[in-house]
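Summary of the model geometry
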Amino acid sequence: MAINNHQDTENIRELLDIKLFSQPFSGFSQPNMQLDDGKMIAKLYAKLENTISVLSDLKERKSYIYSGGVAQQLGFEPKQTAINSIWEDELLSRVHPEDLQKKYRLEFQFFKLLKSISLNERLNYNVITKLRIKNNEGKYLLIKHRLLYLSSTDEGNVSLVLCLYNMVYDYPGFDVPDGVIINTATGVILDSEQGRFDDLLSIREGEIIQLINLGMRSKEIADKLSLSIHTVNRHRQNIFEKLNVNNAMEACRIANATGLIPR
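Starting afresh in each chain, residues are numbered from 1 along the sequence in its written order. Restriction of local features to residues with pLDDT of at least 70 applies here, the model being predicted, together with a cutoff of 80 or more for giving and counting side-chain atom pairs; totals for whole chains, interfaces and linings are based on all residues. Side-chain metrics rest on all non-hydrogen atoms present in the structure, leaving aside hydrogens and water.

1. Brief notes about the pairing of strand β7 (residues 179-183)
Heads up, the condition is: Under the scheme applied here, a residue whose accessible area is under 20% of the maximum for its type counts as buried, over 50% as exposed, and between as partly exposed, the area being computed with a 1.4 Å probe on protein chains only. Numbering of helices and strands starts at the N terminus; helices are DSSP runs of H or I of at least 4 residues and strands are runs of E of at least 2. One requirement defines pairing of two strands: DSSP has to find at least two bridges between them.
Of all five residues making up β7, five are buried, and the element is well covered by its neighbours. The alternating pattern of β7 places G179, I181 and N183 and V180 and I182 on opposite faces, both of which are buried. As defined by bridge partners, strand β4 (residues 125-134) adjoins β7 across five bridges and the pair is classed as antiparallel. Of the residues in β7, the one forming a bridge with N126 is I182.

Here is the structure:
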């Protein structure tokens, strides 16, 4: 399911930003990595792997971009190497819309996972996604994208994350998964975003969020589906909890942006 307009992209990013990145997490304490250490790591990745390396400071809402050889192959020359955003929009604007949606869906799952585990476990997990990114000639090249957790604040909020963009070379047997979350310590691979996310809501919850999206109130939904208002409201609350939102407007935004509501 493709993202058809810029507003959908902004909606899911806003909700990732507000609902997942900023909330406190419980867990064991760990030494917090300093920004300068994160920058050094990002620079090393860019140099050693010839990757595009993007360090995002979620607390200060800033990112730092370091370009290796992949940038040259894409013809990507960022106008700024330090930006006042956690989104590398100059690069993300080149990503195929379907892959961009897949990327955001996986990141939604990833940050929910981080919320549920101890601080000491978070370093073991990262996201791997295959993306199609346009070069300057308008041709899509295959890129391996990795999202790595680096550090949290004293309160347990995620503070530093690293995005890496590597070329996928056209060579037999050389490939990357379409999209997975992997535990690098154990080798355990979580289900792809497609299976996990599409099954997030039950069939009935899917029906109800579609009707909510059409502007129907609980009584109207109850009448249409031959349910009690109490049952509809219970389903609404379950939907809000699963999508980690507080109201119907936010639920519809995230459901639309991630493809839970068919176009």
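2. A closer look at empty space enclosed by the protein
Put simply, the test is: Here a cavity denotes a set of grid points, spaced 1 Å apart and computed over the protein atoms alone, in which a 1.4 Å probe fits but from which it cannot get out, and a pocket denotes an open set meeting protein on both sides within 12 Å along at least five of seven lines; residues with an atom within 4 Å of a point are reported as lining. Grid points are joined across faces, edges and corners, and a volume is the space filled by probe spheres set on the points.
Using the criterion set out here, one finds one cavity of 30 Å³ or more in the structure. Empty space within the largest cavity amounts to approximately 110 Å³. Together, twelve residues line the largest cavity, and I86, W87, E107, V161 and C163 are the ones closest to its centre. Looking at the lining of the largest cavity, the elements with two or more residues in it are α5 (97-116) and β6 (158-167).

3. Quick word on the packing of aromatic side chains
To keep it simple, the criterion reads: Aromatic contacts are taken between Phe, Tyr and Trp rings whose centres are within 6.5 Å, Trp giving its six-membered ring; a plane angle under 30 degrees counts as stacked, one over 60 as edge-to-face, and the others as tilted. Placement of a charge over a ring requires the Lys NZ or Arg CZ to be within 6 Å of the ring centre, with the centre-to-atom vector within 35 degrees of the ring normal.
On inspection of all chains with the given rule, the structure shows two aromatic pairs. Judged by centre distance (5.6 Å) and plane angle (85°), the rings of W87 and Y104 are edge-to-face. Linking W87 in the loop between β3 (82-83) and α4 (89-92) with Y104 in helix α5, this pair joins segments that are 17 residues apart in sequence. Residue classification places W87 among the buried residues on the basis of a relative accessible area of 10%. Geometry around Y64 places K39 over its ring, the cationic atom sitting 4.3 Å from the centre.

4. As for the side chain of H235
Within the secondary structure, H235 is located in helix α10 (residues 229-243). H235 sits in the buried class, given a relative accessible area of 12%.

5. What to know about the confidence of the model for the chain
To be explicit about the condition: Confidence of the predictor at the level of single residues is captured by pLDDT, which takes values from 0 to 100. By the convention used here, residues are in contact when the closest approach between their heavy atoms is within 4.5 Å.
Scored by pLDDT, the chain comes out at a mean of 84, with 85% of its residues at no less than 70. In the model, residues 25-29 has pLDDT below 50 throughout and makes 18 contacts with residues more than four positions away in sequence or in other chains.

6. Structural notes on the sheet that holds β4
Our working definition: Comment: axis = line fitted to C-alpha atoms, over the contacting stretch for helices; angle = value between 0 and 180 degrees taken between N-to-C directions.
Spatially, the seven strands line up as an open sheet ordered β3-β2-β1-β6-β5-β4-β7, and their pairing is antiparallel. The outermost strands of the open sheet, each flanked by one partner alone, are β3 and β7. The pairing of strand β1 (residues 52-57) with strand β2 (residues 62-67) spans six bridges and is antiparallel. Residue pairing in the sheet places L55 in a bridge with Y64 of β2. Strand contacts of helix α2 (residues 35-49): β1, β2, β5 (140-152) and β6, with the helix running at about 165° to β1, the strand carrying the most contacts.

7. Thoughts on a nonpolar patch on the surface
Selection criterion: The residues that make up patches have over 30% relative accessible area and no salt bridge, and they are joined within 9 Å when like-charged or within 5 Å when they are Val, Leu, Ile, Met, Phe, Trp or Tyr. Every accessible area reported is derived by Shrake-Rupley at a probe size of 1.4 Å, with residue values counting cover from the shown protein chains alone. Any Lys or Arg side-chain nitrogen located within 4 Å of an Asp or Glu carboxyl oxygen qualifies as a salt bridge.
Together, M40, L44 and L48 line one region of the surface with nonpolar side chains, adding up to about 330 Å² of accessible area. Turning to its location among the elements, L44 is positioned in helix α2. Taking the relative accessible area as the measure of exposure, L44 reaches 43% and is therefore partly exposed.

8. Let's talk about the nonpolar core
Nonpolar side chains tend to gather and get buried jointly when the protein is soluble and globular. Defined as follows: Here, nonpolar core means buried Ala, Val, Leu, Ile, Met, Phe, Trp, Tyr and Cys residues that are tied together by side-chain atoms lying within 4.5 Å of each other.
I52, L74, F110, F111, I133 and Y165 are the most contacted members of the largest nonpolar core, which totals 36 residues. For this core, the leading source of residues is α5, giving seven residues. Formed by 21 residues, the second largest nonpolar core is a distinct cluster that contains F108, A222, L243 and L260.

9. Comments concerning the environment of G187
Looking at the element boundaries, G187 is found in the loop between β7 and α7 (193-198). For G187, a relative accessible area of 46% puts it in the partly exposed group. The sequence separation of G187 and N124 amounts to 63 residues, and the corresponding C-alpha distance is 9.6 Å.

10. Side note on the environment of A248
Relative to the elements of secondary structure, A248 occurs in helix α11 (residues 248-257). Sequence separation of A248 and I209 is 39 residues, and the distance between their C-alpha atoms is 8.5 Å. When sequence neighbours within four positions are dropped, the list of residues in contact with A248 reads I212, R236 and F240.

11. A closer look at the packing of α10 against α11
Just so we agree on the cut-off: Should an angle lie under 35 degrees it is considered roughly parallel, over 145 roughly antiparallel, and from 65 to 115 roughly perpendicular; all remaining angles are considered oblique. Crossing handedness follows the turn of the near helix against the far one: under a right angle anticlockwise gives a left-handed crossing, and clockwise gives a right-handed one. In this count, Pro and Cys sit with the nonpolar residues alongside Ala, Val, Leu, Ile, Met, Phe, Trp and Tyr, while Asp, Glu, Lys and Arg are called charged and the others, Gly among them, polar.
Where α10 meets α11, the axes come as close as 10 Å, and the angle between the chain directions of the two elements is 60°. Comparing their axes, α11 and α10 come out oblique. Judged by the twist between their axes, the crossing of α10 over α11 is left-handed. Residue-level contacts link R236, I239, F240 and L243 of α10 to A248, A251 and I254 of α11. Its residues assigned to classes, the contact of α10 with α11 shows six nonpolar, no polar and one charged.

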